[in-house]
Each structure stands twice: as C-alpha cells, then as structure tokens.
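Structural description and commentary
Below are the chains, spelled out letter by letter.
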Amino acid sequence: MKKLKITICSLLVLCSCFVLSACGENCDHTFETKWTANETHHWHAATCEHVEEKKDYAEHVDTNKDGMCDVCMYGAQAVVGNVNYNTLELAFENAEAGSTITLYKNFDLQTGIIVTKEIVLDLNGKNLSVTNDTEGVGVFWVKAGGKLTINGDGVINGLGNNAYSIAIWADGGEVIINGGSYTNVGASSAFDSEHFDLIYVKNGGRVTINGGNFKCETPKWTLNSNDTLVGTIVVKGGVFAGFDPSNADTEPAPNNPCSFVADGYKVVSTEIDQVT
C-alpha cells in the first residue's frame, strides 16, 4: 500500500488588536436557540462577544416531579411525550401504542427489552448495550403484535454475557431500521464461536432495513432467519461490514445462497484499506 505523506501548514495571521469597550443598553446581543443548563438553572447562552450575557435565565421547573425540567428538559433520560422515565424499561412499559420514545442518555440494560406493541424509538445519538445480559434475547426482542421502528443515530450493541449476543430479534413481530449502528463485535462463546447472529428473525418476524451500519463478530451471520420457523428480512439500504446481503449463505438448501435485498435495489461493494 502506498502511503501519502500530507503536510499541514498553519498560517499565522498578524493583525492589530483592538480592545472593545462594553456596549450600552442598546446593544443587540445574540443568543443560542438551544438551552444551556446546570443542576439548578437554565438559560440561552450568548453567541456574540459578550459571553457573560444570559437570556431567559431561570430555575428549573419540574411540576410532575419526574426528574426532568419542564422547560429545558435538563435531567431527561428516556422521554415519552412530556414524561421522563429514568429507565428505558419503564418508558417501554408505560408508553402507549404508537408513541415515540426519545433517548437522552446511554443505557446499559440488564437484559433485552420485550416489545409487544407499536413503538418508535429515536436513538438521538445515544447508545444501548446489554453488557451483563445472560439471556441472549437481543437488545430488543420484538414478539407477535409488536412493531419497533428505530430512527436516528446511535449504537445498539448486542454484546452480552451469553452465547448469542443478538442486537435485534424479530420473533413474530416487525422491526423497521432507518438508522443507527448495530454491532456485537467481541462476542465469544464456548458453545459456538463461529456463529453470532446480529439481526435475527423467527416465527414469521420481519425486519426491514432502510439504513444503518452493521458490523457482526461473525460477518457471515450479520442477517439470519431461523431455518424452520422462518421470518423475513428485506434490505433497502445500509452499510454492512464483510457481508453481502445479496449473496448470503446462511439458509438451508435449496434457498442457499439467498438474497435479502429488495427488488429494484443492488449492492455496491467498496474495499477499505485499514492501516494499524
């Protein structure tokens, strides 16, 4: 591999410095639209040179005592509508069908969350993991009657203390993946170290992948359906590390190899050199 040496030059601009006096009462300050907060107060911070200025400075308000400020959402963890939950399990348990759950912190779950109703999950740049999970049902186990739509950026990591390390299991339910990164890299098992499913379907479950990034400890098994209690996986987008969803060899004859790619779509392969 050829290596290209790039020299970055920084230009030092010499200029005269001027000391500006503080403006008077008629100065038009500019402020951030998003809130800045500490443990007790929130405000809109200045974007002009007068960084000491604060707009709408006030104490937090928490009328329903859910640990989240009603104004700036300081303290938010997993939010459904205007209600904050301090665990993701409680958010899923209490959310009504059709609700959106938005993450405001990372969660390391004790075990996978069972989904039996329709929920939209906005990862919102946050991460989900199951580091100490011994059951291996996936970060999300979507059963019959459940429908989970996953939006936004963030990481769903199925790596757990079990023999499977599944990220998503559609077990009779439906999952729509529009974004996020999915991994179980680092999975190990004395049972079968050559087979870790990342996205798994069974019992008529269905997964539609419209986007996202997928990296499996055993790339061959990035996407997989149970051999007898089959499900459906449809790929319309996404980036898959070491795996071609149009040429998977995980299914029994005569369906092997098979394609998970939807009609009208095609796979574009790109090789990336990694220097370590």
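Residues numbered from 1 in each chain as written. Predicted model: local features only at pLDDT ≥ 70, side-chain atom pairs only at ≥ 80, totals over all residues. Heavy atoms only, no water.

The next point concerns the overall build of the protein chain. A tally of regular secondary structure across the protein chain gives one helix and 22 strands. Looking at the protein chain as a whole, 39% of its 276 residues are labelled buried. Counting contacts in the protein chain only where the partners sit at least 6 residues apart, residues at least 24 apart contribute 56% of the total. Surface summary for the protein chain: the accessible area is close to 16,300 Å², and the carbon and sulfur share equals 50%. (Helix = DSSP H or I, 4+ residues; strand = E, 2+ residues; numbered from the N terminus. Buried < 20%, exposed > 50% of the residue type's maximum accessible area, 1.4 Å probe, protein only. Contact = heavy atoms within 4.5 Å. Areas by Shrake-Rupley, 256 points an atom, 1.4 Å probe, with all protein chains shown as cover.)

The subject of this paragraph is the pairing of strand β2 (residues 41–45). Of all five residues that make up β2, five are buried, and the element is covered over most of its length. What you see with β2 is no split at all: His41, Trp43 and Ala45 on one side and His42 and His44 on the other are buried throughout. Here two bridges tie strand β1 (residues 36–37) to β2, and the two strands are oriented antiparallel to one another. When the sheet's bridge partners are listed, Thr36 is paired in β2 with Trp43. In this antiparallel pair of consecutive strands, β1 and β2, the connection spans three residues. Across four bridges, β2 lies against strand β3 (residues 54–59) in antiparallel orientation. Counted as the bridge partner of His42 is Ala58 from β3. (Pairing = 2+ DSSP bridges.)

In this section: the sheet that holds β2. If you walk across this open sheet you meet the three strands as β1-β2-β3, and the pairing is antiparallel. What marks the edges here is a single partner per strand, and that holds for β1 and β3.

Attention now goes to the sheet that holds strand β18 (residues 206–209). Strands belonging to one sheet form pairs held by backbone hydrogen bonds; the direction of such a pair is parallel or antiparallel. Pairing is mixed in the open sheet, where eight strands are placed in the order β5-β4-β6-β9-β12-β15-β18-β21. A strand with exactly one partner marks an edge of an open sheet, and here the two such strands are β5 (83–85) and β21 (232–235). Strand-to-strand twist across the sheet, computed as the mean angle between neighbouring axes with direction ignored, equals 20 degrees. In terms of strand pairing, strand β6 (residues 99–103) meets strand β9 (residues 118–122) through four bridges, oriented parallel. Note on β9: the bridge partner recorded for Ile101 is Leu121. (Axes fitted to C-alpha atoms, helices over the stretch in contact; angles between N-to-C directions.)

On to unusual backbone geometry, then. Within the chain, Asp56 stands out as a residue other than glycine whose phi angle is a positive 60 degrees. With respect to the helices and strands, Asp56 occurs in strand β3. Given a relative accessible area of 41%, Asp56 falls into the partly exposed group. The backbone of Asn203 shows a phi angle near 55 degrees, a positive value even though the residue is not glycine.

What follows covers the packing of aromatic side chains. One pass over the full model with this rule turns up six aromatic pairs. Note on Trp169 and Tyr200: the rings are 6.0 Å apart at their centroids and 45 degrees apart in plane angle, and the pair reads as tilted. Of this pair, Trp169 sits in strand β14 (residues 168–171) while Tyr200 sits in strand β17 (residues 199–202), and the two are 31 residues apart along the sequence. Accessibility classification places Trp169 together with Tyr200 in one group, the buried group. An aromatic cluster is present here, built from Tyr182, Phe214, Phe240 and Phe243 joined pairwise through their rings. One Lys or Arg, Lys105, reaches over the ring of Phe107 and ends 5.1 Å from the middle of that ring. Across from the ring centre of Trp141, 4.0 Å away, lies the NZ or CZ of Lys143, which sits over that ring. (Phe/Tyr/Trp six-rings, centres within 6.5 Å; stacked < 30°, edge-to-face > 60°. Lys NZ or Arg CZ within 6 Å of the ring centre and 35° of its normal.)

Tracing the backbone shows Thr250 in the segment after β22 (239–240). Setting aside residues no more than four positions away along its own chain, Thr250 makes contact with Lys220, Trp221, Leu223, Asn224, Asp227, Asn256 and Phe260.

Residues Leu88, Ile101, Leu128, Phe140 and Ile156 are the most contacted members of the largest nonpolar core, which totals 45 residues. Counting residues per element, this core draws most heavily on helix α1 (residues 88–94), at three residues. For Ile156, the residues in contact, after removing those within four places along its chain, are Leu123, Leu128, Val139, Phe140, Ile150, Ala167, Ile168, Ser181, Tyr182 and Thr183. (Core = buried A, V, L, I, M, F, W, Y, C linked by side-chain atoms within 4.5 Å.)

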